[in-house]
Each structure stands twice: as structure tokens, then as C-alpha cells.
Amino acid sequence: AKDIPNHDILVAGFPCQPFSMIGKREGIDDEKGRGTLFFDVLRIIKYHKPKMLLLENVPGLLTIQKGETFKMIISLLENEGYDITWGVLDSANFGLPQSRKRVLIVGFRKDLMIGDFHLPLSNGEPPRYACDILEDNPTGYSISKHLQETYLFKKDDGHPQIIDKDSKVLCKTLVASYHKIQRITGTFVRGGETGIRLLSELECKRLMGYPDNFIFPVSRTQMYHQLGNSVTVPVIKAVADEMKRAYRKANHF
């Protein structure tokens, strides 16, 4: 911890896997030790005592081990001298065409006397839908006819979600394994060389709130992986802006 520079705000998204609804729900006892990375965040907080905390995770964090994991996390943060506020925010309320719910935990050091803090439930942007982010016929993202016939449309059960420029719907949550073309959890686009394609890099950036010119200098697989693991930018910006307002108000500047 001593090698980390002093800082006013600690922002952390400790790994989702141990708390995700998709995984084995092993929580802090996760066999690979990923869940215990929260304690590394806590170790840094103990050493540096930053003024503010902003932590993010999946909603499964609230119910894993019947809620005991989350209670423990909040209690440990409060014991370090922080006033804690938390809530579940949906990216769809922040101008993004994606249903993506995440737990946001905000902490202020008690000596700052911030008082009541309320997480923003929206940034005031109008709703956006799948049709609003699609580009015209990007190449190289097609899903083969064989895969469509043998996997994607093997059952007539309403899966997967297929969108086009008339789709005034929300996309499903973009996940790190999107490139594996999962029929239940994925959103795919009508078009391309074979009639069905993956979301393009540009479309994924728009889905997550990144600017169009943001560069991912990695392979396509890693691009999908990184975006699927990312926070949505407008949500974090809205929460961070509210934290700054609360701090400035309490400190009279």
C-alpha cells in the first residue's frame, strides 16, 4: 500500500465473478481467491484513508450468502471511518440503450461531515434504444450460417435477441464472454454477409457510453472482453459529479 501515491478518491471495481448470478455464488470463499481481492481494496483504504470511495459490483453482491457478504463489506467500510451510501443503478436510465444494473457504493470519510448523500437515479438524458447505436453494414462481424442453424436458432424459444434499425428496445447486458456468441444472453444484429452478425466495436462503445473515437489497441476478443467487464461511463460520471457537488458544498467551495 505504501507504494501507491496518496489520493483523495479511491475508485475500485473488485472482480465480479465471485458475486455474479452466473457463477457458483461462492462469494468471499471463492476457490480462486478472486473474492478476497476486496480485502486488498480495504488494505489500501486502511493505509491511505482517502476522503472518498466509489466502488462498483454486480447486483448478485447483495444476495450472495443470503446477504451476509454485502453486510460484511458495508460494516468493514464503516469501521474504517466512512459514511456509506449504496444503491442499484441501471444504465438504461443514463441515456444508454442497455439494461445493465450495477451496485454502486459511495463512502465519505466521517470527518468531512458530508451528511445525507443520494445517488443519482438518472442523468436526465432521454432514453436511447438499440436502433440508435447501429452503424451501416460494418464488415467482418458475421455469424456463419452453420452456427445460426445448429446453435443460435436451434430452438423456437424467442432467443437470441435480434435487433435492427427498427428495434426500439434495450439491448441485453454486454458481458465479457460476448464473443462466444451465447444465444440466451447475447444481442445480435440483423445484417452482414450472412444475415446475422455480432455487435461491432463501434456499437459496443456506444452501448457502454464510450466516445466513438476511443481506441482499444487489442484483439477483437480482448476488446469484447474489456468492454463487457467495464463500467458504463455516463453512470460513473453522474455519480462522481454528485460526489464532487456534495464535497464542495460541505467544504464551502
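Residues numbered from 1 in each chain as written. Predicted model: local features only at pLDDT ≥ 70, side-chain atom pairs only at ≥ 80, totals over all residues. Heavy atoms only, no water.

### Description of the sheet that holds strand β4 (residues 101-109)
Here's step 1: Strand order in the open sheet formed by 4 strands is β1-β2-β4-β3, and the pairing between neighbours is mixed. The open sheet has two edge strands, β1 (9-12) and β3 (82-90), and neither has a second partner. Neighbour-to-neighbour, the strand axes of this sheet turn through a mean angle of 15 degrees, independent of strand direction.
Here's step 2: Bridging between strand β2 (residues 52-57) and β4 involves 6 bridges; their strand directions are antiparallel. Residue glutamate 56 lies in a different strand from β4, and its bridge partner there is leucine 104.
Here's step 3: Contacts from helix α2 (residues 68-79) reach β2, β3 and β4 within the one sheet, and its direction differs from that of β3 by about 140 degrees.
Here's step 4: Contacting β2, β3 and β4, helix α6 (residues 233-250) runs over the sheet at an angle of about 20 degrees to β4. (Pairing = 2+ DSSP bridges. Helix = DSSP H or I, 4+ residues; strand = E, 2+ residues; numbered from the N terminus. Axes fitted to C-alpha atoms, helices over the stretch in contact; angles between N-to-C directions. Contact = heavy atoms within 4.5 Å.)

### Some words on the packing of helix α1 (residues 37-48) against α2
Here's step 1: Relative orientation of the contacting elements α1 and α2 amounts to 10 degrees, with a least axis distance of 11 Å. Relative to α2, α1 is oriented roughly parallel. Only Met72, Ile73, Leu76 and Leu77 of α2 make contact with α1, whose side of the interface consists of Phe38, Phe39, Leu42 and Ile45.
Here's step 2: Class assignment for the residues of the contact of α1 with α2 results in 8 nonpolar, no polar and no charged. (Parallel < 35°, antiparallel > 145°, perpendicular 65-115°, else oblique. Nonpolar A, V, L, I, M, F, W, Y, C, P; charged D, E, K, R; others polar.)

### So, the environment of isoleucine 114
Here's step 1: Turning to its location among the elements, isoleucine 114 is positioned in the loop between β4 and α3 (145-152).
Here's step 2: Between the alpha carbons of isoleucine 114 and aspartate 83 there is a distance of 8.5 Å; along the sequence they are 31 residues apart.
Here's step 3: The contact partners of isoleucine 114, leaving out residues within four places of it in the chain, are Phe108, Ala246, Tyr247 and Ala250.

### Considering the layout of surface pockets
Here's step 1: What the second largest pocket holds in volume is close to 180 Å³.
Here's step 2: What lines the second largest pocket is Ile114, Asp116, Phe117, His118, Glu242, Arg245, Ala246, Lys249 and Ala250.
Here's step 3: Class assignment for the residues of the lining of the second largest pocket results in 4 nonpolar, 1 polar and 4 charged. (1 Å grid on protein atoms, 1.4 Å probe; cavity = no way out; pocket = protein on both sides within 12 Å on 5 of 7 lines; lining within 4 Å. Points joined across faces, edges and corners; volume = space filled by probe spheres on them.)

### Thoughts on unusual backbone geometry
Here's step 1: In this structure, the amide linkage connecting histidine 159 to the following residue, proline 160, adopts the cis form with an omega of -5 degrees.
Here's step 2: Within the secondary structure, proline 160 sits in the loop between α3 and β5 (161-163).
Here's step 3: A positive phi is found at asparagine 137, a non-glycine position, where the angle reads about 50 degrees.
Here's step 4: Tracing the sequence through the fold places asparagine 137 in the loop between β4 and α3.

### Side note on the nonpolar core
Here's step 1: The biggest cluster of nonpolar side chains holds 25 residues, and the ones touching the most others in it are Phe188, Leu198, Leu199 and Leu227.
Here's step 2: Broken down by secondary-structure element, the contributors of at least two residues to this core are β5, β6 (187-190), α4 (201-208) and α5 (220-229).
Here's step 3: The residues contacting phenylalanine 188, other than those within four sequence positions of it, are Ile143, Leu152, Pro160, Gln161, Ile162, Ile163, Tyr178, Ile181, Gln182, Ile196, Arg197 and Leu198.
Here's step 4: Core analysis: the next-biggest nonpolar cluster, separate from the first, contains 19 residues, Ile44, Phe70, Leu77 and Tyr82 among them. (Core = buried A, V, L, I, M, F, W, Y, C linked by side-chain atoms within 4.5 Å. Buried < 20%, exposed > 50% of the residue type's maximum accessible area, 1.4 Å probe, protein only.)

### With respect to the sheet that holds β6
Here's step 1: Judged by pairing direction, the sheet is mixed, and its 3 strands sit side by side in the order β5-β6-β7 without closing on themselves. Looking at which strands have only one partner, the edges of the open sheet turn out to be β5 and β7 (196-197).

### With respect to the side chain of asparagine 57
Here's step 1: Along the polypeptide, asparagine 57 turns up in strand β2.
Here's step 2: A distance of 3.1 Å separates a polar side-chain atom of asparagine 57 from the backbone oxygen of phenylalanine 14. (Polar contact = N/O pair within 3.5 Å; in protein donor to acceptor, adjacent residues only side chain to side chain.)

### A word on the pattern of salt bridges
Note on pairing: side chains with opposite charge can pair once their charged atoms come close.
Here's step 1: For the structure on display, the rule yields 17 salt bridges.
Here's step 2: Ionic pairing is found between arginine 102 and glutamate 56, a salt bridge with its closest N-O pair at 3.7 Å. One end of the pair, arginine 102, is in strand β4; the other, glutamate 56, is in strand β2, and 46 residues separate them in sequence. Summarising the burial analysis for this pair, arginine 102 and glutamate 56 share the class buried.
Here's step 3: Each of Lys46, Lys49 and Glu80 takes part in a single network of salt bridges with overlapping partners. (Salt bridge = Lys/Arg side-chain N within 4 Å of Asp/Glu carboxyl O.)

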